[in-house]
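# Observations on chain architecture
Below, each chain spelled out in residue letters.
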Amino acid sequence: MKLRIVSEPPAGSWTTLKFICKDERASLVPPPSDAEFSGDVGALLSERAASTLYAGLGESAKLDDAAIRETAGAAALALRKRGKRKVLLLLNEHPKYVASAVEGFVLGAYRFETFRPKKTEPVAELVVVVAKKDLADAKKAAEHGLILAEAANAARDLANSPGNLLYPKTLAAAAKTVAAQCGLKCRVLDEKELKLRKFGGILAVGSGSSRGPRLIELIHAGGPKGQAPLVLVGKAITFDTGGISIKPAGNMEEMIFDMCGGAAVLGAMQAIARLSVRRNVVGILAAAENMPSGTAYRPGDIVTMHNKVNVEIVNTDAEGRMVLGDALSWARSEHKAARIINLATLTGACGVALGDSAAGLWSNDDAFQADVVRAAAESGERVWPMPIFPEHIERIRSDVAQIKNSGGRLGGACTAAAFLKVFVEKTPWVHLDIAYTAHCSSDKHGLASGATGFGVRTLVRLASGG
Ligand code: BES
Ligand code: MN
Ligand code: ZN
């Protein structure tokens, strides 16, 4: 999408987008009824004139970045469906919300239509109008919002890609392309190298597929040489059948989204590079396809992980923690991580606990947790702190090995977190379970159905912060 910031509206035929607070509706002539236009966040009124779209911002007293972002998204989604190609966004009265408006608009204008017979036309050009005195600041803010949203959309493109086309090797190729475009170092460990370095978890999960696993690394050297990096780790199961502990058929197609954690890390690294964040940041994607076959790992197996911990496999569908355990160990041993954050579509249980409007958050470090919570709040991505009790650790104790890979149904999201914690030891760490926030089945909150890009903007803000 072409983006321009101006102080004088350009000539030509444009669809004008005007934001209006709920309590300012009376200024429209004639004032709309509640039924016509509530003025709530995300509400739209377009019947007045073909070339103008009013979008609600809720009560003016409660106006914030989240409201602007969501409304801009809802408007963009609607404009795209109506085939509007050129949009003029009037922000003269809200100059401090330019970044969020652009961020929300670009997120909202996204739809995954690569394989659809009838495609909608994407919005081609967005022109934001601000007062002359705000022009310079607005340009910077808009660029920032654009970079964040484009990174999230890049993650959504990968996440929406089907499992027959996107598998560990093609994901690695996509990562190499991104790295080359934005100046990141990229290293891919293939099966041979994974064996050499004893990545037992990733190899076990990948062993059932004819398409082998990969560990994909992206390195942003934005800080001083030798500065211990912030490491972002993503679960990238390109398709999760459950393996030998196979999943029921219903909704199994949604398991193409089991690489959303990895996609979020890749998207975030893209933005971190484009913004020249002044810190060393490493992104790691643990990529494998979880398939049942004659070569698949099986319940009862004992797998020696990268950090030498022996794991009893009781359920091959608890594969995310197996690939992550190795990647977390690698973040410590190879990269000497200062802090590690991992994102994973890890457990159905997280959705049972929190629903689909918040990611679960687990941590072993209060200060790091507070930074993540702040970055998530700024991004409008809701996260909610969850516990690891001694009883959760007890539930994954194994009689034949050190730990087992499932603690059963009770506290399933917490026992999964307890498993991961074994692999970070004392390194400050946050785990986000994005199982039910990473994708949605219908358009909502200013985002089209499919992958949401959840986590990308939080990760970038986290990496950019103090
Ligand atoms: N990828 C799934 C988790 C998932 C389920 C994400 C539903 C999104 C929607 C994960 O690999 C998994 O299968 N987890 C199991 C763990 C269990 C076997 C301990 C689960 O949640 O049932
Ligand atoms: Mn699984
Ligand atoms: Zn999975």
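Before reading further, recall that the structure is shown in the block above.
Okay, so let's go over this structure.

Calculation notes
Residues numbered from 1 in each chain as written. Chains lettered and ligands numbered in written order. Predicted model: local features only at pLDDT ≥ 70, side-chain atom pairs only at ≥ 80, totals over all residues. Heavy atoms only, no water. Helix = DSSP H or I, 4+ residues; strand = E, 2+ residues; numbered from the N terminus. Buried < 20%, exposed > 50% of the residue type's maximum accessible area, 1.4 Å probe, protein only. Polar contact = N/O pair within 3.5 Å; in protein donor to acceptor, adjacent residues only side chain to side chain. Contact = heavy atoms within 4.5 Å. Pairing = 2+ DSSP bridges. Donors = N, O, S within 2.8 Å, 3.2 Å for Na, K, Ca; no water. Tetrahedral: all angles 85-135°; square planar, octahedral: opposite > 155°, others 65-115°.

Glancing now at the side chain of threonine 452. Here threonine 452 lies in the loop between strand S19 (450-451) and helix H13 (456-464). Threonine 452 sits in the buried class, given a relative accessible area of 12%. Among the polar contacts made by the side chain of threonine 452, one reaches the main-chain carbonyl oxygen of threonine 437 at a distance of 2.8 Å. Setting aside residues no more than four positions away along its own chain, threonine 452 makes contact with Arg156, Thr437, Ala438, His439, Cys440 and Leu447.

Further remarks concern the sheet that holds strand S11 (residues 302-304). Taken together, the three strands give an open sheet; going across it, the order is S11-S12-S16, and neighbouring strands pair in mixed fashion. Edge strands, defined here as strands with exactly one partner in the open sheet, are S11 and strand S16 (403-404). Taken together, the two bridges between strand S12 (residues 310-312) and S16 define a ladder with parallel strand orientation. The residue bridging valine 311 from the neighbouring strand is isoleucine 403, located in S16.

The subject of this paragraph is the coordination of the zinc ion (ligand 3). In ideal tetrahedral geometry, four donors around a metal make angles of 109.5 degrees, whereas ideal octahedral geometry with six donors gives angles of 90 or 180 degrees. The coordination sphere of the zinc ion (ligand 3) contains the protein donors Lys235 (NZ), Asp240 (OD), Asp258 (OD) and Glu319 (OE), at a distance range of 2.0 to 2.4 Å. Seen from the zinc ion (ligand 3), its six donor atoms lie at angles of 78 to 171°, and the figure they make is octahedral. Donor residues for the zinc ion (ligand 3), ordered by position in the chain, follow K-x4-D-x17-D-x60-E.

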